[in-house]
Amino acid sequence: MSLTKTELLELYKYLRLTRTLEDWIYTICVHQDPKQPLIIGKGYLSTGQEAVSVGAAYTLEKGDWLAQSHRDFGALLVRGMTVDELLAQYFSKAASPTKGRDANVHLGNTSKHVLGFISHMGAMMPVANGIAWGAKCRKNPTVVLAFFGDGASSQGVVHEAMNYAAVFKLSVVFICNNNRWAISTPVKEQFTIENIADRAAGYGMPGAVCDGNNVVEVFETVKKAVDRARKGEGPSLVECKTMRMTGHGTHDMAKYVPEDELEHWKKRDPIQNMENYLKEKKFADDAYFKKVVADMKKEVEEATEKAKQMPGPKVENESRDVYAP
Ligand SMILES: Cc1ncc(C[n+]2csc(CCOP(=O)(O)OP(=O)(O)O)c2C)c(N)n1
Ligand SMILES: [Mg+2]
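This text gives an overview of the structure that appears in the document.

### Some details on the nonpolar core
Then step 1. Core analysis: the biggest nonpolar cluster contains 91 residues, and Leu145, Val173, Phe174 and Ile175 have the highest contact counts within it.
Then step 2. The biggest single contributor to this core is helix H1 (residues 5-31), with 11 residues.
Then step 3. With residues near it in sequence (within four places) discarded, Val173 still touches Val143, Val144, Leu145, Ala146, Val222, Ala225, Val226, Ala229, Ser236 and Val238.
Then step 4. Counting residues in each nonpolar core, the second largest holds 6 residues, with Trp181, Met243, Ala254 and Trp265 among its members.

### What to know about the coordination of the magnesium ion (ligand 2)
Then step 1. In this structure, Asp150 (OD), Asn179 (OD1) and Trp181 (O) serve as the protein donors to the magnesium ion (ligand 2), at separations of 2.0 to 2.2 Å.
Then step 2. Binding-site remark: the magnesium ion (ligand 2) is held by donors from one chain whose sequence spacing is D-x28-N-x1-W. On the criterion of sequence distance, the pair formed by Asp150 in the loop between strand S2 (144-149) and helix H6 (156-167) and Asn179 in the loop between strand S3 (172-178) and strand S4 (181-182) is long-range, its members being 29 residues apart. Considered together, Asp150 and Asn179 belong to a single accessibility category, that of buried residues.

### A few points about helix H5 (residues 124-137)
Then step 1. A rise of 1.5 Å per residue sets the reference length of H5, with its 14 residues, at 20 Å; its end C-alpha atoms lie 20 Å apart and thus fit the reference within 8%.
Then step 2. Every buried residue of H5 is listed here: Met124, Met125, Ala128, Asn129, Ala132 and Ala135. For H5, the arc enclosing every buried residue in end-on projection is 145°, short of the 170-degree limit, so these residues lie on one face.
Then step 3. For H5, the secondary structure elements touched by its buried residues are strand S1 (65-67), S2, H6 and S3.

Scoring rules and cut-offs
- Residues numbered from 1 in each chain as written.
- Chains lettered and ligands numbered in written order.
- Predicted model: local features only at pLDDT ≥ 70, side-chain atom pairs only at ≥ 80, totals over all residues.
- Heavy atoms only, no water.
- Core = buried A, V, L, I, M, F, W, Y, C linked by side-chain atoms within 4.5 Å.
- Buried < 20%, exposed > 50% of the residue type's maximum accessible area, 1.4 Å probe, protein only.
- Helix = DSSP H or I, 4+ residues; strand = E, 2+ residues; numbered from the N terminus.
- Contact = heavy atoms within 4.5 Å.
- Donors = N, O, S within 2.8 Å, 3.2 Å for Na, K, Ca; no water.
- Expected span 1.5 Å × (residues − 1).
- Arc of directions from axis to C-beta.

See below:
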């Protein structure tokens, strides 16, 4: 086990911060006055699957890059994006990463090596390849994490990107968050194989499956792939088995998801798992967890007040930054 006590506690804090922030975004979206919305558009949450993006992103080093998907706020926080920035983005403020021009999870921050998110699911993956190609040409040991979902796994571009990365030995680790649903389409209508990771053999790269609700297991599985990529040995595919515990977005009550499936996964909550693990190791107790929750709530409340006071985008700037930041 390569993680120290300090690192394990830090992972726990990232899980908690992601959950606290997203629970708050959910509350605003569902309860706000639709005539005077604080959040324009919907919320897209990673509730119940935070360990995938937190555990995977925790493997990265400073110069590495992240090609996130729409449920990866945990990864953005690990990469150093702040609650202030993420709430300013959700509130469409001029000081947000997209300067108030785009909504919710459609953001990036190149100074923190987070690519601007392309909403078309697997479309991030060739961009991740491009970053890795650039790094290879400059002989940089940069690694790129490219996230995609079980639904995105059916897109042609996903297969093309993985094949291309394997052929040219690019330093990309493809992370599939298999949360069993793509909007209302269950995985059984998406593919007939047991594991998406089994497809890795067809591209000629290693494939691994891990418990996406166990942040330590996600970290360790992805770390092996990242180390391999950094040595110049090429890409890997890691599939993290998890469950989408909310609707697709805050507008979706997900009535199509069977209750027993949710019940099954509720017992495997990644934060609960981590608390149990930290208690077993005697690294933390309930009082510690309570304090972390209180600290996170305070951080989110303070960021909310700050973001509320920020000005929105100015109409005269609307045509700026259309092609370049
Ligand atoms: C090309 C394209 N088709 C459809 C959509 C609409 N859409 C956004 S997310 C999504 C489902 C994605 O499912 P999955 O890949 O499993 O990710 P999850 O939402 O479960 O994290 C769809 C169909 C889109 N953004 N782009
Ligand atoms: Mg999915």
